[in-house]
Amino acid sequence: GINAEYGEFTNLLIFMERIVGRVLCHYLGTYIKDFSPDQLNNWSLNNLELKEEVVQELAAIPYNLKVIKASCDQVYLQVPWTRLAYDPIVFFIQTIFIELEEPEVIHIPAKKKKEEAPQQQSFYSSYTSSWTTAIIEAIKIEVQEVQWVIKTRGKASLPPPPILHVNVKK
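Residues numbered from 1 in each chain as written. Predicted model: local features only at pLDDT ≥ 70, side-chain atom pairs only at ≥ 80, totals over all residues. Heavy atoms only, no water.

Asker: For this particular structure, what's the right way to read the pattern of salt bridges?
Answerer: A side chain of one charge can pair with a side chain of the opposite charge when the charged atoms of the two come close. In total, this model carries 4 salt bridges according to the counting rule given. Linking Glu52 and Lys33 is a salt bridge whose minimum nitrogen-to-oxygen distance equals 2.9 Å. Here Glu52, found in helix 2 (residues 52-58), pairs with Lys33, found in the loop between helix 1 (2-31) and strand 1 (44-49); they are 19 residues apart in sequence, far enough to count as distant. For Lys33, a relative accessible area of 32% translates into the label partly exposed. Among the ionic pairs, Arg83 bridges to Asp87, the shortest N-O distance being 2.9 Å. Its relative accessible area of 41% is what places Arg83 among the partly exposed residues. (Salt bridge = Lys/Arg side-chain N within 4 Å of Asp/Glu carboxyl O. Helix = DSSP H or I, 4+ residues; strand = E, 2+ residues; numbered from the N terminus. Buried < 20%, exposed > 50% of the residue type's maximum accessible area, 1.4 Å probe, protein only.)

Here it is as structure tokens:
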């Protein structure tokens, strides 16, 4: 009857929340230093240190500048539970702070090799894997403001150049 259908629907929602939570925690761990799922309270996060090498690559920062610190103040996640197959999960980020400096030595990283997909999966893992991929590919990120601080190196005989502050707002 209705109670059995309600129970099945509730179980499905719990299952979806676990998968979405697991996917988002893995996704966030890619960008956030020392990320722990315990930090994700009510689908929001505060005062996060970002991984400098990831910010360097994602922001396409040239190699003559190095990210020495990256953080964001607040991230709120909007999960469209009833339209998850149609609408993206949205990350609303208030402010990202990025501190750059000219490195003493410029390192150009080697190209990464693409990972090969596993050969065979069970129906369950195949289903959750395709669902996971769909969730990640539909993620949308909205940033309200980016603040850049760029430190340049002066010559020993000259005073240090000023630090450049740039704010970019949506």
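Moving on from the model shown.
Asker: Quick question: what am I supposed to make of the nonpolar core here?
Answerer: Among soluble globular proteins, nonpolar side chains are generally buried collectively. Ranked by internal contacts, the top residues of the largest apolar core, which has 36 residues, are Ile89, Phe91 and Ile98. Where this core is concerned, the elements lending two or more residues are helix 1, strand 1, strand 2 (66-78), strand 3 (90-101), helix 3 (123-137) and strand 4 (140-151). With sequence-adjacent residues up to four places away left out, Ile89 is seen in contact with Val20, Leu24, Gln78, Val79, Pro80, Leu84, Ile135, Ala138, Ile139 and Lys140. (Core = buried A, V, L, I, M, F, W, Y, C linked by side-chain atoms within 4.5 Å. Contact = heavy atoms within 4.5 Å.)

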